[in-house]
Amino acid sequence: GAAPRHRLLRAPPSRAPRRAAAGQAALPHPEPRRARAPRPGPSPERQPQARPAAPPAPGAPTPRRPRAGGCGCRPTLEVSGPSSPAAPGSPARSCLSKKIREDTPAAGQRSCPAASQDKDTISELQSCLQRARELGARVQALRASAQTDAERSGTPEAEDHPEQPCGEKLPAYQRFHALAQPGPPGLVLPYKYQVLAEMFRSMDTIVGMLYNRSETVTFAKVKQGVQDMTRKRFEERNVGQIKTVYPTSYRFRQERNIPTFKDSVKRSDYQLTIEPVLDQEAGGAVPQLTASCLLQRRHVFGQRLLEQAKEHHKAFLASLRPPMEVPDEQLTRWHPRFNVDEVPDIEPAALPQPPTTEKLTTAQEVLARARSLMSPRMEKALSQLALRSAEPSSPALPASPPATPPTPPAGALKGVPQDLLERVRAKEAQKQLAQMTRQPEQELRLQRLERLPEMVRVLRGVFVSERKPALTMAVACARMVGSYRATMSPGEMEKHLLLLSELLPDWLSLHHIRTDTYVKLDKAADLAGITARLALLTRTEEGQ
């Protein structure tokens, strides 16, 4: 007769709050749901029943409604009897407990890797920050050491060569400018000389424009215009170089009270003025810097630059062994070993400087000025002391020592007779002398002579394939142009055939019949003998 035990059961909560409590966000719904008002606890009539329930016992409790302060969405029921759907042994209760056990470990398993991953990320960030701090400290130390070394060593080289940084070589297009020039070799100016010639042309153009309209020409006006035309820096040093090369081109003065229309330059300041030197015209008219005058001055400046380069070339020839000497009027190209782009810069001439006005602004300057008030005896003693303490000045060194040609090592010529070496050097010097004094027409003839041995073989093949004893000049040139390895026009090919008939008249003959010229070839001649004769003629003309 014991009364049955009753169990208090709760309705299964929704899965979304449990996942949020476990650290996992609920999955988003494809469409937002509308908010619903909280529903009261389910009434006994809406509870699912598998079968009709028995009437409650007289002492059994009835279902309770949720309290006023509780949430209406989580009702609690107190049901008796094993027939309840949430009984401990029922399938609903076992399924609910199984879901709760599965959800709880999964949430724990997901939260642990996230925490460990956050710890690894923080440790990596801390190590990266430490490395960045160490690198910053090393960079600061290197900068401080480099600045200290620069202060100790000083910058004398930078003062001597302001345009070129210390330790840097010139770019290749400047060092090998002469080798990249089109056409046959000739007296090509160095790159720096060509830049100076372009600066002179631009400066002369701007000075002529300002001078012809009676405007005072100042260096500030010319500088801006030249830099815009040449796209290069134009300083007073370049003006000094122009004065060195062409001293009678301009007249330089320091003047003031010149309107500048600029706030940075005062009217009372001294400015460098430039005036072109022109010949006085007949009738006392004011001379003008016309286009013909500009061309003449440009030609004179280019010739003087060439004379400067020839002086360096003459010093190079004198340093050779055996020394060579070539007259300037016969020189048509530079020596093969003479690097024309490495000639030294032109030394700038001195330009007028503004007069210095003495202003006593410090106590030291006042004391220096007071030295003139000393007694003659004291001044004499100080001058003698200055002479004793002065160091003897070192002898002046040459600005640019002549370049010496590369000499072979002593071991390479060991055992070679000295007279043989002298003969070889003399022959080489004679060949180079003939090369430097060769005219452009002779150079073009030698180039044609070098092509003739190959053209002889091609011409004989043309005659063999045509099976004719003679061909017209037009047909022969057309076949030769199509068979020769290099691209050449028919007119140029005709010049080669004419030269070939001039050198070898017994092998190739020309016959003029009416308006056509026929070429006849001796097919029985030996090609090896013909090629040898051409090579001998080429060597003979090269030595002349």
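If you look the chain up in an unreviewed UniProt entry, it shows as DNA replication factor Cdt1 from Daubentonia madagascariensis. For the chain, the Sequence similarities (unreviewed entry) comment in UniProt is given as "Belongs to the Cdt1 family." Note on the chain: under the UniProt heading Subcellular location (unreviewed entry), the record states "Nucleus".

Moving on, we come to the overall build of the chain. Within the chain, the secondary structure is distributed over 15 helices and seven strands. In the chain, which comprises 544 residues, the proportion classed as buried is 22%. Partitioning the intrachain contacts of the chain with sequence separation of at least 6 by distance along the chain shows that 66% fall at a separation of at least 24. If you sum the accessible surface of the chain, you get close to 39500 Å²; carbon and sulfur atoms cover 55% of it.

Right, let's talk about a nonpolar patch on the surface for a bit. The grouping of Val 416, Leu 420 and Val 424 at the surface amounts to a nonpolar patch, some 210 Å² of accessible area in total. Along the chain, the position of Val 416 falls in the loop between α10 (376–389) and α11 (418–436). Looking at Val 416, the relative accessible area reads 32%, which means it is partly exposed.

Here we come to the sheet that holds strand β6 (residues 508–513). Spatially, the three strands line up as an open sheet ordered β5-β7-β6, and their pairing is antiparallel. Taken across any chain shown, the strands that pair with only one partner, and hence form the sheet edges, are β5 (470–472) and β6. Across the sheet, the axes of successive neighbouring strands diverge by a mean angle of 30°, strand direction being ignored. Helix α13 (residues 473–483) rests against β5, β6 and β7 (516–521) of the sheet, and its axis sits at about 90° to β5.

Core analysis: the largest hydrophobic core is formed by 42 residues, its most contacted members being Met 203, Val 222 and Phe 234. Put simply, the parts of the chain that give this core at least two residues each are α5 (191–212), α6 (219–230), α7 (236–245), β3 (250–255), β4 (271–276), α8 (291–318) and α11. Top contributing element to this core by residue count: α5, with 10 residues. Grouped together as the second largest cluster of nonpolar side chains are 28 residues, Met 455, Leu 471, Met 473 and Ala 476 included.

Looking now at the packing of α5 against α6. Taken N-terminus to C-terminus, the directions of α5 and α6 make an angle of 130°; their axes are 9 Å apart at the nearest point. Relative to α6, the element α5 lies oblique. Crossing hand, α5 versus α6: right-handed. On the side of α5, the interface is formed by Glu 198, Met 199, Arg 201, Ser 202, Met 203, Ile 206, Val 207 and Leu 210, while α6 contributes Lys 221, Val 222, Gly 225, Val 226, Met 229 and Thr 230. The residue inventory of the contact of α5 with α6, partitioned by class, reads eight nonpolar, three polar and three charged.

Within the secondary structure layout, Ala 350 lies in the loop between α8 and α9 (363–370). Given a relative accessible area of 65%, Ala 350 falls into the exposed group. Sequence separation between Ala 350 and Val 239 is 111 residues; the distance between their C-alpha atoms is 9.5 Å.

Another aspect to go through is the pairing of β7. Here β5 pairs with β7 via three bridges, running antiparallel. By the bridge assignment, Leu 471 is partnered in β7 with Val 519. Where β6 and β7 come together, six bridges link them in antiparallel fashion. The residue bridging Leu 510 from the neighbouring strand is Val 519, located in β7. The antiparallel hairpin formed by β6 and β7 contains two residues in its connecting segment, where Arg 514 sits at a positive phi of about 55°.

On to helix α14 (residues 490–503). The first and last C-alpha atoms of α14 sit 20 Å apart over 14 residues, in line with the 20 Å expected at 1.5 Å per residue. Taken residue by residue, α14 has Met 493, His 496, Leu 497, Leu 499, Leu 500, Ser 501 and Leu 503 as its buried positions.

Time to look at the packing of aromatic side chains. Under the criterion given, the structure shown has seven aromatic pairs. Measuring from centroid to centroid gives 6.1 Å for Tyr 250 and Phe 252, while their planes differ by 55°, and the two rings are tilted. For the residue pair Tyr 250 and Phe 252, the accessibility class agrees, reading buried in each case. Taking 5.5 Å as the distance between ring centres and 50° as the angle between the ring planes, the aromatic pair formed by Phe 316 and Phe 338 counts as tilted.

On to the pattern of salt bridges. Following the criterion strictly, the structure yields 22 salt bridges and no others. Note that Asp 345 is salt-bridged to Lys 192, the shortest N-O span being 3.1 Å. With Asp 345 in the loop between α8 and α9 and Lys 192 in helix α5, this pair connects stretches of sequence that are 153 residues apart. Given the relative accessible area of 26%, Lys 192 is considered partly exposed.

Within the secondary structure layout, Asp 204 lies in helix α5. On the basis of relative accessibility, which here comes to 2%, the residue Asp 204 falls in the buried class. Within the structure, Asp 204 has its side chain in polar contact with the side chain of Tyr 250 (distance 2.5 Å).

It is worth spelling out unusual backbone geometry at this point. The residue after Arg 321, namely Pro 322, is reached through a cis peptide bond having omega 0°. Secondary-structure assignment places Pro 322 in the loop between α8 and α9. Although it is not a glycine, Ser 214 sits at a positive phi angle of roughly 60°. By secondary structure assignment, the location of Ser 214 is in the loop between α5 and α6. Overall, Ser 214 belongs to the exposed group, its relative accessible area being 71%. A positive phi is found at Asn 257, a non-glycine position, where the angle reads about 60°. Structurally, the position occupied by Asn 257 is in the loop between β3 and β4.

Calculation rules
- Within each chain, residues carry numbers counting from 1 in the order of the written sequence.
- Per-residue local features of the predicted model are confined to residues with pLDDT of at least 70, and side-chain atom pairs are confined, for both listing and counting, to 80 or more; whole-chain, interface and lining totals are unaffected and use all residues.
- Heavy atoms from the whole structure form the basis of all side-chain values; hydrogens and water molecules are not counted.
- UniProt positions are given in the numbering used here, feature names are shortened, and annotations may be inferred rather than shown by experiment.
- Secondary structure elements are defined from DSSP: runs of H or I of at least 4 residues count as helices, runs of E of at least 2 residues count as strands, and each element is numbered from the N terminus.
- With a 1.4 Å probe rolled over the protein chains alone, any residue whose accessible area is under 20% of its type maximum counts as buried; one over 50% counts as exposed, and the rest are partly exposed.
- Only heavy atoms matter for contacts: two residues are in contact if any of them lie within 4.5 Å across the pair.
- Reported accessibility uses the Shrake-Rupley method at a 1.4 Å probe radius. Residues are deemed covered only where the shown protein chains occlude them.
- By definition, no residue in a patch forms a salt bridge, and every one has over 30% relative accessible area; like charges are joined within 9 Å, nonpolar side chains (Val, Leu, Ile, Met, Phe, Trp, Tyr) within 5 Å.
- Salt-bridge detection follows one rule: a side-chain nitrogen of Lys or Arg within 4 Å of a carboxyl oxygen of Asp or Glu.
- Being paired, for any two strands, means DSSP has found at least two bridges between them.
- Helix axes are fitted only over the stretch in contact, all axes being lines through C-alpha atoms; the angle between N-to-C directions runs from 0 to 180 degrees.
- As used in this record, nonpolar core signifies buried Ala, Val, Leu, Ile, Met, Phe, Trp, Tyr and Cys residues forming a set joined through side-chain atoms within 4.5 Å.
- Angles are sorted into four bins: roughly parallel if under 35 degrees, roughly antiparallel if over 145, roughly perpendicular if 65 to 115, and oblique for all others.
- Here is the rule for handedness: rotate from the far helix to the near one, and if that takes an anticlockwise turn smaller than a right angle the crossing is left-handed, while a clockwise turn gives right-handed.
- Throughout this entry, Asp, Glu, Lys and Arg are counted as charged residues, while Ala, Val, Leu, Ile, Met, Phe, Trp, Tyr, Cys and Pro are counted as nonpolar. The remaining residues, Gly among them, count as polar.
- Here the expected length of a helix is defined as 1.5 Å per residue gap, with one fewer gap than residues.
- When two rings of Phe, Tyr or Trp (its six-membered ring) have centres within 6.5 Å they constitute a pair, described as stacked for plane angles under 30 degrees, edge-to-face for angles over 60, and tilted for the intermediate range.
- For this analysis, a polar contact is any N or O atom pair within 3.5 Å, provided that within protein one partner can donate a hydrogen and the other can accept it, and provided that sequence-adjacent residues contribute only side-chain to side-chain pairs.

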